[in-house]
Amino acid sequence: MIDVKELLRELREEPYEKISIRAPHSGKVEFVAKEPGVRVVGPSGTWKEVPGTLLARMERENVKKPLFAPQKGEVMSLGEIENGQFVQAGQELMTIRHYLTREEVIARILRRSLSLFLAPEKGKYYFFPDVDIKIKTKGSQSVHIKDGMELFILSRMKRETSIRYSGPDGIIYAVYFETNDSVDRDSPLIGVCPEDQLGQIQEVVSRVQSDWEERD
């Protein structure tokens, strides 16, 4: 297990992530956010149906496509591109600095400190019925699992396959998939915490929830 306290210290020193905004296709770029420091917001609404801040427009064959901010933050830097310049697909237009929220910090700590069980194949995953009922009624941390335990049902191409858990014994601390959603291969399904390390994890999570200062 990694040193979660050291990881928390690292996150405090650099409490943000850099998001690269790249051209989705070739064409002329027209910047709307034209200088570093411009504040932006991400999509909002119940279904994220309200787009974020308009960053730029890409023009190809006289059709303009808007590019919106994917996250809240500020423009950190602009690419070495002139307004109206033709750019290639994938070329970096700008970088956004997004300051991490409490929930995002906790999620990063958990992904680095828990034992992740990854999807062996692409498909839809379901817990075995008895496990699913226990999670829905008592929460995932009520489920104790062991190496070799039948835990998932993989639905793929109209076939269902039993998937056994492989990893350290412990409790299911985090669930990373939604029922009926397709999961890519090697994406995390669950995060498992050995019981003797549960207290340490909960201590760090509590500290983040009480001490982490979020930025507007």
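Counting starts from 1 at the beginning of each chain's written sequence and moves along it residue by residue. Restriction of local features to residues with pLDDT of at least 70 applies here, the model being predicted, together with a cutoff of 80 or more for giving and counting side-chain atom pairs; totals for whole chains, interfaces and linings are based on all residues. Side-chain numbers here rest on the full set of heavy atoms in the structure, without hydrogens or water.

1. With respect to the packing of aromatic side chains
Phase 1 of the analysis: The pairing test for Phe, Tyr and Trp rings, Trp by its six-membered ring, is centres within 6.5 Å, and the orientation test on the planes gives stacked under 30 degrees, edge-to-face over 60, and tilted for anything in between. A complete count under the given rule lists seven aromatic pairs for this structure.
Phase 2 of the analysis: Ring centres of tyrosine 125 and phenylalanine 152 lie 6.3 Å apart, and the angle between their planes is 90 degrees; this geometry places the pair in the edge-to-face category. Remark: phenylalanine 152 occurs in strand 12 (residues 150-156) and tyrosine 125 occurs in strand 10 (residues 123-127); sequence separation between them is 27 residues.
Phase 3 of the analysis: Taking relative accessible area as the criterion, phenylalanine 152 reaches 0% and is therefore assigned buried.
Phase 4 of the analysis: Geometrically, the ring pair formed by phenylalanine 152 and phenylalanine 177 is edge-to-face, given 6.0 Å between the ring centres and 70 degrees between the ring planes. With a gap of 25 residues between them, phenylalanine 152 in strand 12 and phenylalanine 177 in the loop between strand 14 (170-175) and strand 15 (182-183) connect regions that are remote in the sequence.
Phase 5 of the analysis: Only when the NZ of Lys or the CZ of Arg is both within 6 Å of the ring centre and within 35 degrees of the ring normal is a charge said to sit over the ring. In this structure, arginine 97 packs its charged tip against the face of tyrosine 16, placed 5.3 Å from the ring centre.
Phase 6 of the analysis: The ring of tyrosine 176 carries arginine 111 above its face, with NZ or CZ at 4.5 Å from the centroid. The helix and strand labels rest on DSSP assignments: H or I over at least four residues marks a helix, E over at least two residues marks a strand, and numbering proceeds from the N terminus. The classification of residues rests on relative accessible area computed with a 1.4 Å probe and restricted to protein chains. Under 20% of the type maximum is buried, over 50% is exposed, and intermediate values are partly exposed.

2. What to know about the sheet that holds strand 3 (residues 39-40)
Strands in a sheet are paired, the pairing made by backbone hydrogen bonds, and the direction either parallel or antiparallel.
Phase 1 of the analysis: Whether two strands pair depends on DSSP finding at least two bridges between them. Strand order across the open sheet formed by four strands is 1-8-6-3, with antiparallel pairing between neighbours. Strands at the two margins of the open sheet, each flanked by one partner only, are strand 1 (16-22) and strand 3.
Phase 2 of the analysis: Two elements, strand 3 and strand 6 (residues 73-78), share two bridges in a ladder whose sense is antiparallel. Note on strand 6: the bridge partner recorded for arginine 39 is glutamate 74.

3. A word on the pattern of salt bridges
Phase 1 of the analysis: Any carboxyl oxygen of Asp or Glu that lies within 4 Å of a side-chain nitrogen of Lys or Arg is treated as forming a salt bridge with it. Applying the stated criterion across every chain yields a total of 13 salt bridges.
Phase 2 of the analysis: Notably, a salt bridge pairs glutamate 121 with arginine 156, separated by 3.5 Å at the nearest N-O pair. Within this pair, whereas glutamate 121 is found in the loop between strand 9 (115-118) and strand 10, its partner arginine 156 is found in strand 12, the two being separated by 35 residues in sequence.
Phase 3 of the analysis: Among the residues examined, glutamate 121 registers a relative accessible area of 34% and is labelled partly exposed.
Phase 4 of the analysis: A salt bridge links glutamate 150 to arginine 164, with the shortest nitrogen-to-oxygen separation between them at 3.7 Å. Taken together, the positions of glutamate 150 in strand 12 and arginine 164 in strand 13 (residues 159-164) put the pair 14 residues apart, joining distant regions of the chain.

4. Quick notes on the nonpolar core
Phase 1 of the analysis: Of all hydrophobic cores here, the largest spans 21 residues; its most connected members are Tyr125, Phe127, Ile145, Leu151, Phe152, Leu189 and Ile190.
Phase 2 of the analysis: Elements supplying a minimum of two residues to this core: strand 10, helix 3 (129-138), strand 12 and strand 16 (188-193).
Phase 3 of the analysis: For this core, the element with the highest residue contribution is strand 12, accounting for four residues.
Phase 4 of the analysis: Setting aside residues up to four positions removed in sequence, leucine 189 forms contacts with Phe117, Leu118, Ala119, Tyr125, Phe152, Ala174, Val175, Tyr176, Phe177 and Val183. Put simply, a nonpolar core is a bunch of buried Ala, Val, Leu, Ile, Met, Phe, Trp, Tyr and Cys residues held in one set by side-chain atoms that sit within 4.5 Å of each other. Two residues form a contact once any of their heavy atoms are found within 4.5 Å.

5. Regarding the sheet that holds strand 13
Phase 1 of the analysis: The strand order 13-12-10-15 describes an open sheet built from four strands, whose pairing is antiparallel. Of all the strands in the sheet, the pair left with one neighbour each is strand 13 and strand 15.
Phase 2 of the analysis: Two strands pair when backbone bridges link them, and strand 10 and strand 12 are joined in this way by four bridges, in the antiparallel orientation. Counted as the bridge partner of tyrosine 126 is isoleucine 153 from strand 12.
Phase 3 of the analysis: Note on method: axes are straight lines fitted to C-alpha atoms, helices fitted across the in-contact stretch only, with angles between N-to-C directions ranging 0 to 180 degrees. Running at roughly 70 degrees to strand 10, helix 3 makes contact with strand 10 and strand 12 of the sheet.

6. Considering the side chain of glutamate 74
Phase 1 of the analysis: Within the secondary structure layout, glutamate 74 lies in strand 6.
Phase 2 of the analysis: Sequence-distant contacts of glutamate 74, defined by excluding residues within four places in its chain, comprise Gly37, Val38, Arg39, Val40, Thr95, Ile96, Arg97 and Tyr99.

7. So, unusual backbone geometry
Phase 1 of the analysis: In the Ramachandran plot, glutamate 61 falls in the positive-phi region, its phi being about 55 degrees despite a non-glycine side chain.
Phase 2 of the analysis: Looking at where glutamate 61 falls in the secondary structure, it is placed in the loop between strand 4 (54-60) and strand 5 (63-68).
Phase 3 of the analysis: A positive phi angle, near 70 degrees, is found at aspartate 186, a position not held by glycine.
Phase 4 of the analysis: Following the sequence through the fold, aspartate 186 ends up in the loop between strand 15 and strand 16.
Phase 5 of the analysis: Among the residues examined, aspartate 186 registers a relative accessible area of 52% and is labelled exposed.

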